[in-house]
Amino acid sequence: MDNNREFLMRRLHSLLGVIPIGLFLTQHLIVNHFATQGVEAFNQAAHFMANLPFVIFLEIFVIYLPLMYHAFYGLYIAFTAKNNPGHYSYMRNMLFVAQRYTGVFLVVFIAWHIFETRFQVAIGAGEADFNMMENILSNPLMFAFYVVGVLSATFHFANGLWSFLVTWGVTVSAKAQRYSTYFTLLVFIVLSIIGIRALFAFI
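Here goes a summary of the coordinates provided.

1. As for the overall build of the protein
- When helices and strands are tallied, the protein shows 8 helices and 0 strands.
- By the compact-globule yardstick of 17 Å for 203 residues, the protein fits well, its C-alpha radius of gyration being 18 Å.
- Burial analysis of the protein (203 residues in total) assigns 40% to the buried set.
- Within the protein, contacts between residues separated by at least 24 positions form 73% of all contacts whose residues are at least 6 apart in sequence.
- In the structure as shown, the protein presents an accessible area of about 11900 Å², 72% of it carried by carbon and sulfur atoms.
- Each charge sign in the protein was given a centre, from 10 positive and 8 negative side chains, and these centres are 23 Å apart.

2. With respect to the side chain of His 113
- Mapped onto the elements, His 113 comes out in helix H5 (residues 90–122).
- Under the relative-accessibility criterion, His 113 is labelled buried at 17%.
- A polar contact of 2.9 Å, which involves the side chain of His 113, links it to the side chain of Tyr 146.
- Residue contacts for His 113: discarding those within four places in its chain leaves His 28, Arg 118 and Tyr 146.

3. Side note on the pattern of salt bridges
- Using the criterion set out here, one finds 2 salt bridges in the structure.
- Where Arg 10 meets Glu 6, a salt bridge forms, and the shortest distance between an N and an O atom there is 3.3 Å. In this pair, Arg 10 and Glu 6 are both assigned in helix H1 (residues 3–18), 4 residues apart and thus about one turn of the helix distant.
- On the accessibility criterion, Arg 10 (33% relative accessible area) is partly exposed.
- Put simply, Glu 59 and Arg 118 hold a salt bridge, and the shortest N to O gap is 2.9 Å. Taken as a pair, Glu 59 in helix H4 (residues 55–80) and Arg 118 in helix H5 lie far apart in primary sequence, 59 residues in all.
- Look at Glu 59 and you get buried, because its relative accessible area is 14%.
- Here Arg 118 falls in the partly exposed class, since its relative accessible area comes to 28%.

4. A few points about helix H8 (residues 174–201)
- Given a rise of 1.5 Å per residue, 28 residues ought to cover 40 Å, and the 41 Å separating the end C-alpha atoms of H8 matches this to within 8%.
- All buried positions along H8 are accounted for by Gln 177, Ser 180, Thr 184, Val 187, Leu 191, Ser 192, Ile 194, Gly 195, Ile 196, Ala 198 and Leu 199.
- Residues of H8 that are buried sit in contact with helix H2 (21–33), helix H6 (130–137) and helix H7 (140–167).

Calculation rules
- Residues numbered from 1 in each chain as written.
- Predicted model: local features only at pLDDT ≥ 70, side-chain atom pairs only at ≥ 80, totals over all residues.
- Heavy atoms only, no water.
- Helix = DSSP H or I, 4+ residues; strand = E, 2+ residues; numbered from the N terminus.
- Rg over C-alpha atoms; globule rule 2.2 N^0.38 Å.
- Buried < 20%, exposed > 50% of the residue type's maximum accessible area, 1.4 Å probe, protein only.
- Contact = heavy atoms within 4.5 Å.
- Areas by Shrake-Rupley, 256 points an atom, 1.4 Å probe, with all protein chains shown as cover.
- Lys, Arg positive; Asp, Glu negative; His and termini not counted.
- Charge placed at Lys NZ, Arg CZ, Asp CG, Glu CD.
- Polar contact = N/O pair within 3.5 Å; in protein donor to acceptor, adjacent residues only side chain to side chain.
- Salt bridge = Lys/Arg side-chain N within 4 Å of Asp/Glu carboxyl O.
- Expected span 1.5 Å × (residues − 1).

Function-wise, these values are silent; they only describe arrangement.
Right under this line is the structure:
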């Protein structure tokens with residue numbers, strides 16, 4: 001692959017991982033967190049999101065197309081990239097490996113999640129409400145699958161955010177990168193708590 005083309009594709013991959021995918025993940029977890037306030041609160045929040053103006057356009061161009069590019073190009077990176085022990089620390093390389101593994105897992109998890117929820121709504125087999133998620137998560141194995149999925153998504157986003165800040169020249173110095181490590185760790189913890197609390201609210 002041409003170096004300039006690959007450079008641009010990696011930049012786009014990094015950008016889409018934060019905007020819009022990372023923003024959508026955050027919004028999605030917050031909407032799900034309404035389940036902690038009861039069935040009606042979650043159903044109202046889900047109904048509001050499902051009835052946004054131009055929702056089909058938003059889903060295709062703001063969620064699905066960016067997600068597909070990020071996923072498929074991410075798989076290419078996962079199976080071709082190598083560690084950089086001379087450039088990054090041992091911990092960073094371990095996080096880089098974890099980023100690849102969580103990325104591959106998330107392709108499977110997100111595809112299954114879309115099939116169980118959005119696809120079922122599209123074919124008229126269900127409604128995106130509290131009962132749908134309650135039925136899905138009533139299976140202990142499926143609940144565990146979703147816990148791993150949420151933690152993988154929040155880690156992948158938080159760690160990817162650190163890489164985004166480096167890639168786009170926001171955090172250049174070692175000091176800035178150290179502070180961004182603390183910030184992205186906080187992002188991971190906060191989003192994980194929001195996501196896991198929502199899952200427990202459905203059971």
